[in-house]
Amino acid sequence: MSFWKKSEKAPVNTAPAEDASTGTAADVEAVMKKYDRESNTRVWEGKPKLVVRTFMVFFSLWSIYVTLFSTALPEVRLSLFLGMVLLMGYLNFPARKNHVKVNSMPWYDILIMVLGSGAFFYYAINAQKIIKLSLRAAKDPLLLVLGVVGIIALIELCRRSVGLPILCVVGALLVYTFTKVQPQLVIYNLFYTTSGVMNTPINVCAKYIVVFIIFGAFLERTGIAQFFIDLANSVAGASAGGPAKVAVISSALCGMVSGSSVGNTVTTGSVTIPMMKKTGYKGEFAGAVEAAASTGGQIMPPIMGAAAFLMAEYMGISYATVAVKAILPAVLYFTGIYIAVHLEAKKLGLKGIPKDQLPKFSILIRKIYLLAPLVVLVGMVATNMRTMQFSAAIAILVAILVSLPDTIRDSRPQAGEEGGFLKHARNALKKLFFMCFNALEAGGKGTITVAVACAMAGIVAGCITVTGLASKLITAIVTISGGHAMIALVLTMLCCIVLGMGVPTTANYCIMAATCAPILIKIGIPTVAAHFFVFYFGIVADITPPVALAAYAGSAIAKADPMKTGFNATKLAIAAFIVPYIFALNPAMLFIDTNAFQVVQIVISSLIGLFGVASALNGFLYCKINPLFRILLVVGGLGMMIPGTLTDVTGLVIVVGIVLYQRMSAKRLAA
């Protein structure tokens, strides 16, 4: 995990703390190796390292070329894509955590890698013949063996890089499918058609997601994260509990481009968590703030953790439409966390950072050009000027351009150094080359887990399709819920959270979109609201114990208890558990069949409701809140969020009444 470079002009000290109260990069790495499969990678040095890195750079360049210019059959394009993903995957991920040795790869890993990728490459080379065979391919022993080998290699790579939860679902569905359908037909459908591993998820991954992952890697190296952190410091650093508010704002901004809750936590958390602890926040609270805010980055337009592209594909609407509909729920989510950290700061009597230690806005504005790649991307996508992948490719070029000022400045010869202009130019070109090389490598490596998870989601979708299980699940849930939307929503929420523990958001969303979203649509929830519902609850698994990867990363930096950090993050992110119910029951928040007045009304009522619930959970509002009032605040807050005039009025009376009473009580205590 790399850290974004610190801006030279920022006066505030934003370097990770090295004192005993906060964890180092090594502490974070140790915790993530324990809990996160993605963090357990092979160690390559010397020439083998260069070969592996070069292959991942080649993969990134090939992916950009194919997504922009290739006219090949989907079967050819996707089988080549998966074959190279398998090669990269086995070169990076060992069979066990303790199997990591420098420049070492066991013979059985080489065998699985060669056979698994070979199966996909064989299909790519002979795709035309196999497609013409149609169902007769299911009777060819060689093709069946290749299909089995390819699927098993993918499943094993998923175990290494993603984890077991998703494999439990895949395994159960495969067993069920093999008992209902002839084995050879199952293998044919899962491997040789576009209704299995090469289903919609992997197609979207190869077509859109990989380019945006590469774009994020380039954007990371422009220094935009440090710009966002400095900007957040300038805006909120001086207010009560400033560092926590900085964490919320900077994580929201960084999350727009990172698309990874764990990566966002480590990147911005290495700066904000030590600042929060120095201000006076407890370690488990500081880690929780960063984890909750960073997790929200996946619901923040424009990138939204890459799942936005899948949502657009599944719902048949444009990506720009998905991004627009995500704005209000994301604003409510981050506002809820902001309110919670403000109340905690007031309860603890915490102050902000002295203004003379904060970045000056007049200096920050000089770096505004760093936003150019995002502006170009959003502008091109929103206006349908070009395709999404072409827009991302242009944005990558813009990211390279905005990195030039820092590259040129860092390449200047030192005083008394010989070489002059030519040496300066060579140094600049060298730095630019390595920046591009590192970004392309990071993009290729970052694609592995997403692609494998999408392939598993394709297997799930394929099993459901070939067995007709979807209609049976819909009938069962509708029967259990009795047609009541709230019961079906709660059951769906539990499924998403359980399945999402340790599973990438994209894979979780794909599976939920294939299984649970149709159930919600069947009971009357609008299609867009149903998909957003399962998307949101797939994300919060990253901060929901017992497997809360983002919270564990935050706890490692804060040197706090992982479980306490996870529970604190869940409490802080309460909005993520409430907002989906709001737009599921009242789709106006997603701009569905609504007008401007209704949107304003629901946003205001939701914000007041969130304030009530956050106050109740914190237990402080001007002064300590007694238990009865805390219960009433929860009731009133939830009432404000439930659609209906009666519930809105009742909730408003309760929340406003208790706020006024607490204010008067605080004045009496002060007197």
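The paragraphs below set out a description of the structure included in this document.

**Thoughts on the overall build of the chain**
Okay, so step 1: What the chain contains, in helices and strands, is 32 helices and two strands.
Okay, so step 2: Looking at the chain residue by residue over its 671 residues, the buried ones come to 57%.
Okay, so step 3: The contacts in the chain between residues at least 6 apart in sequence include a share of 79% that link residues at least 24 apart.
Okay, so step 4: Counting only carbon and sulfur atoms, one obtains 67% of the accessible surface of the chain, whose full area is about 27,100 Å².

**With respect to the side chain of Glu75**
Okay, so step 1: Relative to the helices and strands, Glu75 resides in helix 3 (residues 74–92).
Okay, so step 2: Buried and unpaired, Glu75 has Arg77 as its nearest opposite-charge partner, separated by 8.0 Å.
Okay, so step 3: In contact with Glu75, not counting residues within four places along its chain, are Tyr123, Ile131, Thr194 and Met198.

**A closer look at helix 26 (residues 527–539)**
Okay, so step 1: Taking 1.5 Å per residue as the helical rise, helix 26 with its 13 residues ought to reach 18 Å, and the 19 Å between its terminal C-alpha atoms agrees with that figure.
Okay, so step 2: If you check which residues of helix 26 are buried, you get Val528, Ala529, Ala530, His531, Phe532, Phe533, Val534, Phe535, Tyr536, Phe537, Gly538 and Ile539.

**So, the packing of helix 9 (residues 200–220) against helix 19 (residues 388–402)**
Okay, so step 1: Where helix 9 contacts helix 19, the two axes come as close as 9 Å, and the packing angle between them is 15 degrees. The angle between helix 9 and helix 19 falls in the class roughly parallel. Here helix 9 runs over helix 19; the crossing is left-handed. Here helix 9 contributes Lys207, Tyr208, Val211, Phe212, Ile214, Phe215, Phe218 and Leu219 to the contact with helix 19, which in turn contributes Met388, Gln389, Ala392, Ala393, Ala395, Ile396, Ala399 and Ile400.
Okay, so step 2: Grouping the constituent residues of the contact of helix 9 with helix 19 by class yields 14 nonpolar, one polar and one charged.

**As for the packing of aromatic side chains**
The geometry of an aromatic ring pair is captured by the separation of the ring centres together with the interplanar angle, meaning the angle of the planes.
Okay, so step 1: Within the structure shown, the criterion is met by 26 aromatic pairs.
Okay, so step 2: Here Tyr123 and Phe191 contribute two aromatic rings whose centre-to-centre distance is 6.0 Å and whose plane-to-plane angle is 35 degrees, an arrangement assigned as tilted. One end of the pair, Tyr123, is in helix 4 (residues 107–125); the other, Phe191, is in helix 8 (residues 183–191), with 68 residues separating them in the sequence.
Okay, so step 3: Phe191 sits in the buried class, given a relative accessible area of 0%.
Okay, so step 4: Members of the aromatic cluster, joined through ring pairs, are Tyr314, Tyr509, Phe532, Phe535, Tyr536 and Phe583.

**Thoughts on the pattern of salt bridges**
Okay, so step 1: Under the definition given, this model contains six salt bridges.
Okay, so step 2: With its nearest N and O atoms 2.8 Å apart, the salt bridge here joins Arg53 to Glu441. With Arg53 in helix 2 (residues 46–69) and Glu441 in helix 21 (residues 420–467), this pair connects stretches of sequence that are 388 residues apart. Comparing Arg53 with Glu441, the two get one shared label, buried.
Okay, so step 3: Of the charged contacts, one joins Glu344 and Lys347 as a salt bridge, the two residues approaching to 3.6 Å between their closest N and O atoms. A residue pair is termed a helical-turn pair when its members lie 3 or 4 positions apart in one helix, as Glu344 and Lys347 do in helix 16 (residues 327–348) at three residues.
Okay, so step 4: Classification of Glu344 as buried rests on a relative accessible area of 12%.
Okay, so step 5: Exposure remark for Lys347: the relative accessible area of 38% places this residue in the partly exposed category.

**What to know about helix 6 (residues 141–161)**
Okay, so step 1: Under the 1.5 Å per step criterion, the end-to-end length of helix 6 is 30 Å for 21 residues, consistent within 8% with the ideal 30 Å.
Okay, so step 2: Among the residues of helix 6, the N-terminal cap falls to Asp140, whose side-chain oxygen and the backbone nitrogen of Leu142 are separated by 2.9 Å.
Okay, so step 3: Looking one or two places after helix 6, you find Gly163, whose phi comes out positive at around 130 degrees.

**Focus on the side chain of Asn92**
Okay, so step 1: Along the chain, the position of Asn92 falls in helix 3.
Okay, so step 2: Polar side-chain contacts of Asn92 include one of 2.8 Å to the backbone oxygen of Met88.
Okay, so step 3: When sequence neighbours within four positions are dropped, the list of residues in contact with Asn92 reads Asn40, Thr41, Arg42, Met56, Lys445 and Ile448.

**Details of the packing of helix 9 against helix 14 (residues 307–315)**
Okay, so step 1: Between helix 9 and helix 14, whose axes approach to 9 Å, the crossing angle comes to 140 degrees. One finds that helix 9 runs oblique with respect to helix 14. As for the relative orientation of helix 9 and helix 14, their crossing is right-handed in sense. Contacts from Thr200, Pro201, Val204, Tyr208, Ile209 and Phe212 of helix 9 reach helix 14 at Phe309, Leu310, Glu313 and Tyr314.
Okay, so step 2: Taken together, the residues that form the contact of helix 9 with helix 14 break down as eight nonpolar, one polar and one charged.

**A look at a nonpolar patch on the surface**
Okay, so step 1: There is a patch of nonpolar side chains on the surface, built from Leu652, Val656, Leu660, Tyr661 and Met664 and spanning about 440 Å² of accessible area.
Okay, so step 2: Mapped onto the fold, Leu652 is located in helix 32 (residues 645–670).
Okay, so step 3: Residue class for Leu652 comes out partly exposed when judged on its relative accessible area of 35%.

**Notes on the environment of Val613**
Okay, so step 1: Structurally, the position occupied by Val613 is in helix 30 (residues 596–618).
Okay, so step 2: Spatially, the C-alpha atoms of Val613 and Gly636 are 8.1 Å apart, while their sequence positions differ by 23 residues.

Cut-offs applied
Residues numbered from 1 in each chain as written. Predicted model: local features only at pLDDT ≥ 70, side-chain atom pairs only at ≥ 80, totals over all residues. Heavy atoms only, no water. Helix = DSSP H or I, 4+ residues; strand = E, 2+ residues; numbered from the N terminus. Buried < 20%, exposed > 50% of the residue type's maximum accessible area, 1.4 Å probe, protein only. Contact = heavy atoms within 4.5 Å. Areas by Shrake-Rupley, 256 points an atom, 1.4 Å probe, with all protein chains shown as cover. Lys, Arg positive; Asp, Glu negative; His and termini not counted. Salt bridge = Lys/Arg side-chain N within 4 Å of Asp/Glu carboxyl O. Expected span 1.5 Å × (residues − 1). Axes fitted to C-alpha atoms, helices over the stretch in contact; angles between N-to-C directions. Parallel < 35°, antiparallel > 145°, perpendicular 65-115°, else oblique. Left-handed = near helix turned anticlockwise from the far one by under 90°. Nonpolar A, V, L, I, M, F, W, Y, C, P; charged D, E, K, R; others polar. Phe/Tyr/Trp six-rings, centres within 6.5 Å; stacked < 30°, edge-to-face > 60°. Polar contact = N/O pair within 3.5 Å; in protein donor to acceptor, adjacent residues only side chain to side chain. Patch = residues over 30% accessible without salt bridge, like charges linked within 9 Å, V, L, I, M, F, W, Y side chains within 5 Å.

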